[in-house]
Amino acid sequence: MKFHVMTLFPEMIENGLGTSILGRAAEKGVISYEAVNIRDYTLDKHGKVDDYPYGGGAGMLIRAQPVYDAYQAITASFEQKPRTIYLTPQGRTFDQKMAAELAKEKELVFVCGHYEGIDERVLEKIVTDYVSIGDYVLTGGELPVMVMIDAIARLIPGVLHNDVSAETETFHNDLLEYPQYTRPEEWQGKKVPEVLLSGNSKKINEWRLEQSIEKTKLHRPDLYAKYEQKQEIIKRLSKKKRQNIHMMELLHRGLGEVVYDKGMDIVLKFENLYMLHAEDVVSARELLMKVPTGAMVITTQEFVRDLLEKEFGKTGFCKCSQAVCTRKEALTVRYKDIRQLDITYLEYILEHYTSSEEHMKECLNAGVMYGAFDEDRIIGFIGMHSEGSMGMLFVEEEYRKKGIGASLESYLINLQISNGFTPYCHIIEGNEKSMALQEKLGLYVADTPLWWIW
Ligand code: ADE
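Fair warning: this is a prediction, and the values are worked out from it, not measured in the lab. (Residues numbered from 1 in each chain as written. Predicted model: local features only at pLDDT ≥ 70, side-chain atom pairs only at ≥ 80, totals over all residues. Heavy atoms only, no water.)

As a further point, take the overall build of the protein. From N to C terminus, the protein includes 15 helices and 20 strands. Taken over the C-alpha trace, the protein has a radius of gyration of 25 Å; the compact-globule value for 454 residues is 22 Å, and the two agree within 12%. With respect to the principal axes defined by its C-alpha atoms, the protein has extents near 75 × 65 × 50 Å. Taking all 454 residues of the protein together, 47% fall into the buried category. Long-range pairs, those at least 24 residues apart, make up 67% of the contacts in the protein with a sequence separation of at least 6. Seen as two clouds, the 54 positive and the 68 negative side-chain charges of the protein have centres 5 Å apart. (Helix = DSSP H or I, 4+ residues; strand = E, 2+ residues; numbered from the N terminus. Rg over C-alpha atoms; globule rule 2.2 N^0.38 Å. Buried < 20%, exposed > 50% of the residue type's maximum accessible area, 1.4 Å probe, protein only. Contact = heavy atoms within 4.5 Å. Lys, Arg positive; Asp, Glu negative; His and termini not counted. Charge placed at Lys NZ, Arg CZ, Asp CG, Glu CD.)

As structure tokens, this is what we get:
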């Protein structure tokens, strides 16, 4: 990911981003950034970039010309128009969800305003997103840009050392983070909670969840209400866990948004994917009205599938079986050399697994692809689709029948169990080998099929 910041104060950006975690990530080449001085592009012979506003009023405005020329210089070599963010208190409020969405981009351009702002005409031409970091007015966009870059960069694999920590903290799953303690065990008469010294990870996790809930209730009742709604939906869906695990896990992992929720009429959304459960045909028809025309749908109900074909003109269907791993203890991983894959394996994966380049890039950038290695040669891989299901398993011909596929899947299962998730996968109809592997690993297969529909 490269961040390009257009500013009148490049040294502010360089000083702000050059140290600590982001500085190290930039040194390692995991992220990079450039601060582009808008003033370098002015055609004014005195180096001026601002002028009086037409119609009068207080203060000065940055003129369109230097901003546009700086933008052109940054983007000259880009294949497509980048997301270009203008920092303004009038924009959409920045939050964790926006950070996650922006973390998927390859290039991001930021425009920092100063004085009273920037000539509207150049903003109309280049800006794709107007973003505010909160309801207060700062003197310029530099501090907001640094806030945004910090929040976005730490979601990029390799920026933080511990790849699970970005997943389990504040705002993940709509809950605030639990309290943490370090040595000494007693400080100014205050003791570390007993349970944290017990070594019992189940008890520790339960205590942490309890604390998160209490803290969220107290400090952020708005977030807690969302959490509660999702928990209630999960409870209702859990009556048929094998059938509904895809919806339960989407909510449990804090990935999905609730579009509609009444009884067993439930619509969840994750990016362009809608998961739908309807009480009957009549309500299914109503629920499907809430799904945009081009969206992908997942359902386990045949009448929903039929409606989509007959009344909603869908033509793409992939029939699968859903399998769930309900165990709580880790599986044995026999093949030891398994490593997280980065974007340099994109070509290899596309050679061996049929999918869009876009999707595979997303999975690699999200740090959810794992490879098996023989010395330094990659010999197979597995991954997690962005909505949470395991898949994309591949092992080189000459390495098959050695349990490497089982090891890859067990490895991925263990990672999820240790994060408190329930692993699951979708087996495409007719893939007997995959079905046999799921049974061997002890996953339970739902007795209703599941359709991916587009
Ligand atoms: N520029 C000035 N104030 C701002 C804010 N609150 N958010 C983003 N950009 C700004």
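Attention shifts here to the site of the ligand. Around the ligand, the neighbouring residues are L87, T88, P89, V131, S132, I133, G134, Y136, V137, L138, G140 and P144. One of the backbone nitrogen or oxygen atoms of L138 is found 2.9 Å away from a nitrogen atom of the ligand. Summarising the interface, the protein chains cover 96% of the accessible area of the ligand, which totals 260 Å² for the free molecule. At the level of secondary structure, the elements contributing two or more residues to the shell around the ligand comprise β5 (83–93) and β7 (129–132). With 3 residues, the top contributor of residues to the shell around the ligand is β5. Its residues placed into classes, the shell around the ligand shows 8 nonpolar, 4 polar and no charged. (Near = heavy atom within 4 Å. Polar contact = N/O pair within 3.5 Å; in protein donor to acceptor, adjacent residues only side chain to side chain. Areas by Shrake-Rupley, 256 points an atom, 1.4 Å probe, with all protein chains shown as cover. Nonpolar A, V, L, I, M, F, W, Y, C, P; charged D, E, K, R; others polar.)

According to the domain assignment, the protein consists of domain 1 (2–153) and domain 2 (223–324). In this structure, domain 1 and domain 2 have C-alpha centres spaced 39 Å apart. (Domains from an automatic or database assignment.)

In this section: the sheet that holds strand β2 (residues 32–37). Pairing is parallel in the open sheet, where 5 strands are placed in the order β2-β1-β6-β5-β7. The sheet terminates laterally at β2 and β7, the two strands that pair on one side only. Between one strand and the next, the sheet's axes are offset by a mean angle of 30°, whatever the strand orientation. Judged from the 6 bridges that link them, strand β1 (residues 2–7) and β2 form a sheet pairing that is parallel. Each bridged residue has a counterpart across the sheet, and for F3 the counterpart in β2 is Y33. (Pairing = 2+ DSSP bridges. Axes fitted to C-alpha atoms, helices over the stretch in contact; angles between N-to-C directions.)

Quick look at helix α6 (residues 142–153) now. The periodicity of an α-helix, 3.6 residues per turn, causes residues three or four places apart in sequence to face the same way. For α6, built from 12 residues, the straight-helix expectation of 16 Å at 1.5 Å per residue is met to within 8% by its first-to-last C-alpha distance of 16 Å. Within α6, 9 of the 12 residues are buried, which leaves it mostly tucked inside the rest of the structure. Buried residues of α6: E142, P144, V145, M146, M148, I149, A151, I152 and A153, and no others. (Expected span 1.5 Å × (residues − 1).)

Most peptide bonds adopt trans geometry, and most residues besides glycine take a negative phi value. Geometrically, the link from R183 to P184 is a cis peptide bond, its omega value of 5° lying close to zero. Considering the arrangement of structural elements, one finds P184 in the loop between α6 and β8 (186–187). Positive phi outside glycine occurs at E375, with the angle close to 55°. Tracing the backbone through its elements, the reader meets E375 in the loop between β16 (369–374) and β17 (377–384).

For the structure shown, the criterion picks out 0 disulfides. C363 forms no disulfide, and the closest cysteine sulfur to it belongs to C425, at a distance of 15 Å. Distance from the sulfur of C425, which forms no disulfide, to the nearest cysteine sulfur (C320) is 9.5 Å. What makes C425 buried here is its relative accessible area of 4%. (Disulfide = S-S within 2.5 Å.)

Turning our eyes to something else, we now look at the pattern of salt bridges. In the structure shown here, the tally under the stated rule is 23 salt bridges. The partner of K230 in a salt bridge is D174, with the nearest N and O atoms 2.9 Å apart. Note that K230 is positioned in helix α8 (residues 221–237) and D174 in the loop between α6 and β8, a separation of 56 residues in sequence. You can call K230 buried: its relative accessible area is 8%. Across the pair D306 and R305 runs a salt bridge, and its minimum N-O distance is 3.0 Å. Owing to a relative accessible area of 15%, R305 belongs among the buried residues under this scheme. Here the salt bridges share partners, and the residues they tie into one network are R83, E101, E105 and D129. (Salt bridge = Lys/Arg side-chain N within 4 Å of Asp/Glu carboxyl O.)

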